[in-house]
Amino acid sequence: MKKFLALFLTVTMLAACLTGCGGSNNDSGSSGTASSENGGSKTDDSGSDASGAGSSESSSANADRTLNIGISSEISNIVPMSNNVAVANRDGLIVFALYDPLIWYDTVTNTLSPWIATEWSHNDDGSEWYFTLRDDVYFHNGDKMTAEDVAWSLNLIPENPVVTDANIPGFGHAEVVDDTHITVYMDTPFAAAENFFASYHMVILDKSYQEEVGWDGYLDHPIGTGPYKFADRATGSYVDMEANELYWQGEPDIKKVSLRILPDANSQLLSLETGEVDVLQNVSIENCKRIEDIDGFTVDYETAYAVLYMRWGSNSKLDTDQNLRKAIAAAVDPDAINNVYNRGYTKAVGCMIAPGIHCRPEDGTYTPAQPYDVEAAKEFLANSTYESTDVLSILVVAGSKEEGVCKIIQGNLQDIGINAEMKAIDGSTYSTLTGEGDFDISLYTTLPSLYDCNLIYQYYTPGTVSFENSKFEGKEEMGRLALASLTEMDEEARTDIFRQMINIMNEEALMLPLYQDCNTFCFNGDVTNIDAIPGTNVRIAEWKWN
Amino acid sequence: MVKYILKRLLLLIPTFFLLTLMVYTILSLSPANPAFMRLGTTATQEQIDEINHELGLDRPLLVRYGTYMWNLITKGDMGVSWVMQTSVYKEFMERLPNTLLLTALALLLTTVVGIVAGVFAAVNQNSIGDRTTMILAMLLISLPNFFLSLICQIVFCLQLRWLPVTGAGSLKHFILPSIMLAASRIAGQVRLTRSSMLDVIGQDYVRTAYAKGCSKRRVVFYHALRNGLMPVITNIGNNVGNIVAGAVTVETIFAIPGVGSMLVNAVRSNDIPQVMSPIIFISLLVCVVNLVVDLLYAVIDPRVKLQYR
Amino acid sequence: MKELLNIKNLYVQYNTDEAVVHAVNGVDLIVHRGEAMGLVGETGAGKTTTALGILNILPEQVGEITEGDIVYDGKNVLNMSKKELQAMRGKQVSMIFQDPMTSLNPIITVGNQIDEMLLLHFKELTKEQRAQKVDDILKLVGIPAERKHEYPFQFSGGMKQRIGIAIALVCQPDLLIADEPTTALDVTIQAQILQLMKQLKRELGTALIMITHDLGIVAELCDNVSVMYAGEIVETGTVEDIYQRIENHPYTTGLFNCIPKLDSNEKRLTPIAGYMVDPTDLPKGCKFHDRCPYVTDRCGRENPKAYQNGTHKIKCFRYESWGEGDSI
């Protein structure tokens, strides 16, 4: 009995110890409170060599309050260009809080405007780009941003081929001209280069800091020139940031921001309701509607540049059977998906590129995608090689919104007598299978990260596995046009190349665009000035306490 | 006894290698190619080959496994995430305390509540208390975890505002998750303890104890409990495995950055180095806990203890 | 001799989910100080139930005393408080159980199991004094004292029963109930245990209720005998009364016929015809009439009273001529 008692006590004490250390460990980063001492010391540091501006904010009652933003998955890469890993679309929020690009792309007006670079131009053949840089930009550690930092950051491009090969083909190198000027030399011209310099792929990093701490250190504590400074991070849980009082555009209104990773949709909703988070990004439309019905919460919707589309596998019979492709295209009813399934919050689109994207031909100037027409679909089907015993596989990423859409499509196809089965698989298997082409139909949502039609080039790049595997008619033509689109510096002519490609895509039903997705922000009454935009470069710096 | 422990520890080694090899092999059999994961649809064969080489995927499976294990054992190096290119060790260590705390709390809850309620129900067999306990246990066992979690989140977090919905900042954050994690196991534990105790209470030596003039309390706690706990303790060992497995869901629902959610994310992206460390942790934990359980057994039951001499 | 235990008109039933088992149906039994009473009958006759009733340790919620009194040393056991009951059990009345394999706690050393009795009932003793007593009683039952640190599984069946006896006797109770103490043991061990009990009874002067189905054991050990059938005592008397085999209840006669006789030429034993009555569905009249070779119409209608001749009482119409005696 005594032995037993002693043992029990030991177990209890052990548990208590675990509890103790676990608790204290986590306390350090729970919310803004504990991390303030960390950030506080930094403030003093940088305050010494700063001009002393930006100390006029004392009136705000919310000075110490942390804005909590709920996001659904871990940050893909917190330091772009650091380790050959691409930034995901959803992470525009944090990338443009911590860092600045050379140029700003406004996704509402579709215009480029000066940012770190006050002016930029290129020579006639597009082989050289000239940038004039601001002289009043500081990194979060107080270092002044120099032309050297910018050129060094640009020269990271060749070191990150996974990210840059398809997004800025032909990049040569960048050179410092003087304190405020750099030149980028292209091996071959790339028409959308300036869009690349405005994207989340390409932000300005601190050269001397990287040389001091290495990439591991940089990833541990990222430093940029953006409106928010990195404060703390727990993998899988949160990233805390604090306002950058030295920001060249002035200190943002909200001083403390925490991005909190909440993978479960229901928990996200509840966290918003309880006030644990103030803002949610891109929750499902169904949940948005629910939040709208609760007093004190606002939802902002905006048609996104991301397009959901159907593709065919390069090893499928669909790849070579145009009639079957057209039969499917005519059988699917995008209106039903938009108006019923998505309650009108998504928008029909005539080709796989959303209107407004750089070099995308205006609607009406290209052949639109096969319209919904069941009779035509049946006719196409009759002329196709489809046999009633065939079962077409539809790939979707498990747990994605495409799963729901897929069910509607299955119904549409059933109506004309095509049997389709859904294969909901994990993201990596999806990437592999779509890359290798071992499937019939895939459903996916893609955003052109450069806000440029370059995405079409990426799909028909000669040399890629999926392109080389495919055998569809007009493949050669598509490849030729794709390569031509890269180097054509004249906007009109380039638009025309994409018009030809889109015409082929739609006439041959190489892809079937279904809808333009919807970006949303749900937030409580304490914050204001939050606008959903079509793109992903959301600026928390513009948000304000109410 | 020491010899026995040593023997058991030695046995852990082949178990460990066999298990890790199995996991490694199964993961490698997946059709998913990490190169495509990183490169997307614009991948050229050349790029794929390059990444495969970089990740060592062009080498035979056993060589890859061997290299991984060698680095792990000699240098404590868990490798680099294929997807994120970040140190697995760092992330693992960051997440480990959360999972340990969560599972320890859940295990403590399961064990204490399960045993107390089970003994109570058995001692008061067929009373209202017994029936209530059993119905509650039945309810807990039949409600899916995510559903129960959602209900509790709505009640305790949204309506009553007692507890936070998500996060891992303080001990308070762990209250609901650990209860949810323990819920269905508590039910099993209660039922097992109850039936085991009932079995013991029906034994002759319990009648002997009454005949000796022991009070009911003394009979239950001195004579019956230790005997009744034997199967219960075995179950604690099983519970550890179940609880760690359950942590995967609970961590996701309550947004606790733990090893479980790390495992889920990594499996989804077929990120072998990222998968291996949680798997190794879980399997080692289960092995060690079962060893501890066996030793506990020996502490309680002299018959077992003598066998180990 | 002074009356120690007086059971009056005891009825016990077991309430199970399926049926009500009438285990004891109106038993009267008197045991005096120092007296050894044999309680004989086949399995299921209600002997053990009666014994458990004396200690009031019938299975909770299942066993129920519906009628009657058990008066021990002037106090009704059924009206005792929990405290009084606990003080009585083990100290004044203790019990040796049928199966020594299962009636000892497997994970407590035998020394501690004996010591527990002293701990419960002689709180004034020091640890050393208790240890001394444990050693003494172990020696008395023939087990080396140094083995007290061992566990029950380290002992053989006979040794375990010796420990059971040690536990029962360590507090020197006034009444010892031995519930078939030798049934689970093989014959040579049986003899040793009986020898031991005989010796202890002589040395300690304890009253004894010896429950058994073995008439031989009773003859060897007991002063008086009661024969039980279907929850009733059908015959009681001194050992001489009954073992003369002149006047017996037909059931007792049947029991005697089941004992092999070395001096007879009979090849086969004579078993009692039929089966034990179903205790969930007792017949009217004499419980034995279905199996009785002397059955009359009256036996099926009416339960016979106890008829007395001196110390000898029999519940059978055949002895009506003796005249009615005290109920048994």
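Just so it is clear, the structure is predicted and the values come from calculations on it, not from any experiment. (Residues numbered from 1 in each chain as written. Chains lettered and ligands numbered in written order. Predicted model: local features only at pLDDT ≥ 70, side-chain atom pairs only at ≥ 80, totals over all residues. Heavy atoms only, no water.)

**Some words on the overall build of chain A**
Move 1: On a plain count of helices and strands, chain A comes out with 18 helices and 18 strands.
Move 2: In chain A, the proportion of contacts linking residues at least 24 apart, taken out of those at least 6 apart, comes to 71%.
Move 3: Here chain A has roughly 20,500 Å² of accessible surface; of this, 48% comes from carbon and sulfur atoms. (Helix = DSSP H or I, 4+ residues; strand = E, 2+ residues; numbered from the N terminus. Contact = heavy atoms within 4.5 Å. Areas by Shrake-Rupley, 256 points an atom, 1.4 Å probe, with all protein chains shown as cover.)

**Focus on the packing of aromatic side chains**
Move 1: One pass over the full model with this rule turns up 27 aromatic pairs over all chains.
Move 2: Aromatic side chains Tyr 209 of chain A and Tyr 218 of chain A sit 5.0 Å apart centroid to centroid with 70° between the ring planes, which places their arrangement in the edge-to-face category.
Move 3: We classify Tyr 209 of chain A as buried; its relative accessible area is 10%.
Move 4: Geometrically, the ring pair formed by Tyr 24 of chain B and Tyr 68 of chain B is tilted, given 6.1 Å between the ring centres and 45° between the ring planes. Within this pair, whereas Tyr 24 of chain B is found in helix α1 (residues 2–29), its partner Tyr 68 of chain B is found in helix α4 (residues 61–75), the two being separated by 44 residues in sequence.
Move 5: A residue is classified by how much of its surface remains accessible, and Tyr 68 of chain B, at 8% relative accessible area, is buried. (Phe/Tyr/Trp six-rings, centres within 6.5 Å; stacked < 30°, edge-to-face > 60°. Buried < 20%, exposed > 50% of the residue type's maximum accessible area, 1.4 Å probe, protein only.)

**Here we look at the nonpolar core**
Move 1: Ranked by size, the top nonpolar core spans 116 residues in total, and within it Leu 102, Leu 154, Phe 197, Tyr 460 and Trp 543 of chain A carry the most contacts.
Move 2: Taken domain by domain, this core gets at least three of its residues from each of domain 1 (29–58 + 74–227) and domain 2 (303–518) of chain A.
Move 3: The residues touching Trp 543 of chain A, leaving out its near neighbours within four places in the chain, are Leu 67, Ile 69, Leu 93, Asp 253, Ile 254, Val 279, Phe 521, Thr 528, Asn 529, Ile 530 and Val 538 of chain A.
Move 4: By size, the runner-up hydrophobic cluster in this structure holds 102 residues, among which are Trp 82 and Ile 280 of chain B together with Ile 107 and Ile 233 of chain C. (Core = buried A, V, L, I, M, F, W, Y, C linked by side-chain atoms within 4.5 Å. Domains from an automatic or database assignment.)

**With respect to the interface of chain C and chain B**
Move 1: Residue-level contacts link 29 residues of chain C with 24 residues of chain B.
Move 2: Remark: the boundary between chain C and chain B carries three salt bridges.
Move 3: A salt bridge links Glu 116 of chain C to Lys 212 of chain B, with the shortest nitrogen-to-oxygen separation between them at 2.8 Å.
Move 4: Here chain C and chain B share 14 residue pairs in polar contact (both at pLDDT 80 or more) between them.
Move 5: The set of elements that each furnish at least two residues to the side of chain C that touches chain B consists of α1 (47–55) and α3 (110–121) of chain C.
Move 6: When residues in the side of chain C that touches chain B are grouped by element, the largest group, seven residues, is from α3 of chain C. (Salt bridge = Lys/Arg side-chain N within 4 Å of Asp/Glu carboxyl O. Polar contact = N/O pair within 3.5 Å; in protein donor to acceptor, adjacent residues only side chain to side chain.)

**Overview of the UniProt feature "transmembrane region" (unreviewed entry) in chain B**
Residues and elements named next belong to chain B.
Move 1: According to UniProt, the feature "transmembrane region" (unreviewed entry) maps to residues 9–27, 100–123, 135–156, 162–187, 240–259 and 279–300 in the numbering used here.
Move 2: The span residues 100–123 shows a helical share of 100% and a strand share of 0%, and its end C-alpha atoms are spaced 34 Å apart.
Move 3: Counting secondary structure, residues 162–187 comes out at 65% helix and 0% strand; the distance between its end C-alpha atoms is 24 Å. (UniProt positions renumbered as here; feature names shortened; annotations may be inferred.)

**Examining a negative patch on the surface**
Move 1: Residues Asp 165 of chain A together with Glu 46, Asp 49, Glu 50 and Asp 58 of chain B make up a contiguous surface patch of negative charge.
Move 2: Structurally, the position occupied by Glu 46 of chain B is in helix α3 (residues 45–54). (Patch = residues over 30% accessible without salt bridge, like charges linked within 9 Å, V, L, I, M, F, W, Y side chains within 5 Å. Lys, Arg positive; Asp, Glu negative; His and termini not counted. Charge placed at Lys NZ, Arg CZ, Asp CG, Glu CD.)

**A short note on the pattern of salt bridges**
A pair can form between side chains of opposite charge whenever their charged atoms are brought close.
Move 1: Within the structure shown, the criterion is met by 43 salt bridges over all chains.
Move 2: The salt bridge involving Arg 303 of chain B is made with Asp 301 of chain B; its shortest N-O contact spans 3.0 Å.
Move 3: With a relative accessible area of 32%, Arg 303 of chain B lands in the partly exposed category.
Move 4: One salt bridge connects Asp 73 of chain C with Arg 33 of chain C, and the closest N-O pair in it is separated by 3.5 Å. Taken together, the residues Asp 73 of chain C in the loop between β4 (63–72) and β5 (75–76) and Arg 33 of chain C in the loop between β2 (20–32) and β3 (36–40) connect sequence positions 40 residues apart.
Move 5: Taking relative accessible area as the criterion, Asp 73 of chain C reaches 34% and is therefore assigned partly exposed.
Move 6: Arg 33 of chain C sits in the partly exposed class, given a relative accessible area of 31%.
Move 7: Beyond isolated ion pairs, a larger network of salt bridges with shared partners links Arg 65, Asp 278 and Asp 526 of chain A.

**As for the confidence of the model for chain A**
Move 1: This prediction gives chain A a mean pLDDT of 86; 89% of its residues lie at or above 70.
Move 2: Ignoring residues within four places in sequence, the model shows residues 1–59 of chain A, a span with pLDDT below 50, making 57 contacts including any to other chains. (pLDDT = per-residue confidence, 0-100.)

**Let's talk about the UniProt feature "domain: Solute-binding protein family" (unreviewed entry) in chain A**
Move 1: Per the UniProt record, "domain: Solute-binding protein family" (unreviewed entry) is found at residues 112–453 of chain A.
Move 2: Here residues 112–453 of chain A is 29% helix and 25% strand, with 16 Å between the C-alpha atoms at its ends.

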